[in-house]
Amino acid sequence: MTGQLEVRGLNVVFDGFRAITDLDFTVQPGELRFLIGPNGAGKTTLIDVVTGRTRPTSGSIRFNGTELRGRREHAIVRLGVGRTFQTSVVFEELTVLENLDLAASFRRRLPSLLRARRGTSAEVAEVLETIALTPLADRPAGVLSHGQRQWLEIGMLIIQRPSLLLLDEPVAGMSRGERERTGELLRAVAKDHTVVVIEHDMEFLRRFASQVTVLHEGRLLCEGTVAEVQADPHVQEVYLGRSSTREAAA
Ligand code: ADP
Ligand code: MG
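Keep in mind that what you see is a predicted model, and the values were worked out from it rather than measured.

(A) View of the packing of aromatic side chains. The final tally for this structure, using the stated rule, is 2 aromatic pairs. Their ring planes at 45° and their centres at 5.0 Å tell us that Phe-204 and Phe-208 sit as a pair that is tilted. Of this pair, Phe-204 and Phe-208 both sit in helix α8 (residues 202–208), separated by 4 residues, roughly a single helical turn. Residue Phe-204 is classed as buried on the basis of its relative accessible area, which comes to 4%. In textbook terms, an aromatic cluster arises when at least three aromatic residues are bridged by ring pairs, as seen for Phe-34, Phe-204 and Phe-208.

Below is the structure:
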């Protein structure tokens, strides 16, 4: 399995503001890694740098041994790095199936694009099953619930066959039931992909995370299992402390 990510000595500075400082971050092939940290910790910026959307000030980002720094976004996609955004990218007027077909066409070469599609391919059918949307394949994406829409986005990503998936807060705004199904979906996807998930819901982490990386103010604060991270006094102070205060206040 491929999908190893090695970030070394990463610095990102925006107009003098240090969004990421001296960050080392390694994800092994086939891992399901959770990335947590308070708002503004630099989580989305890290994904933006890996995917070529944001240029780092210094450092290196190696993916399967290839340096990504300096490459364009589409070139990084072609190397097998896929991501979701915090905002939705599905086409509401198109059906679930059409959205998946469209996403699949992004990786096809021109000749196969020109060839008319012959029904639902085995690949699309399999992705529909994985994201639990087979019964809704012919419905417009606009009718999907918030959770179903997120699953469609994940489906649109995996159909492009990335080996590394970077998911930015995929369970934000989901109901408890949708979160549970998303956690199971992530586990299934991680069987044949390397997955990095940004999420800060502790209940979700306790349920689905094994390895967790905690960022705080652009630096690596702590890394380990959920239990190790929760037991870390620094994490409790800057992250869990705040979150449990919020929980207590809620
Ligand atoms: P997180 O995803 O962990 O909440 P972000 O990575 O979005 O945090 O942001 C980290 C910090 O960098 C924040 O203080 C944010 O305001 C700042 N930041 C992010 N992107 C930019 C940008 N393009 N220009 C200036 N500041 C930015
Ligand atoms: Mg973010």
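(B) View of the site of ligand 1. Taken together, Phe-14, Phe-17, Ala-19, Pro-38, Asn-39, Gly-40, Ala-41, Gly-42, Lys-43, Thr-44 and Thr-45 make up the full set of residues adjacent to ligand 1. Measuring from an oxygen atom of ligand 1, one finds a backbone N or O atom of Ala-41 at 3.1 Å. In this structure, an oxygen atom belonging to ligand 1 sits 2.9 Å away from a side-chain N or O atom of Thr-44. Protein contacts shield 59% of the accessible area of ligand 1, which totals 560 Å² for the unbound molecule. For the shell around ligand 1, the secondary-structure elements that each account for two or more residues are β2 (17–27) and α1 (43–50). Residues that form the shell around ligand 1 fall into these classes: 5 nonpolar, 5 polar and 1 charged.

The rules we used
Residues numbered from 1 in each chain as written. Chains lettered and ligands numbered in written order. Predicted model: local features only at pLDDT ≥ 70, side-chain atom pairs only at ≥ 80, totals over all residues. Heavy atoms only, no water. Phe/Tyr/Trp six-rings, centres within 6.5 Å; stacked < 30°, edge-to-face > 60°. Helix = DSSP H or I, 4+ residues; strand = E, 2+ residues; numbered from the N terminus. Buried < 20%, exposed > 50% of the residue type's maximum accessible area, 1.4 Å probe, protein only. Near = heavy atom within 4 Å. Polar contact = N/O pair within 3.5 Å; in protein donor to acceptor, adjacent residues only side chain to side chain. Areas by Shrake-Rupley, 256 points an atom, 1.4 Å probe, with all protein chains shown as cover. Nonpolar A, V, L, I, M, F, W, Y, C, P; charged D, E, K, R; others polar.

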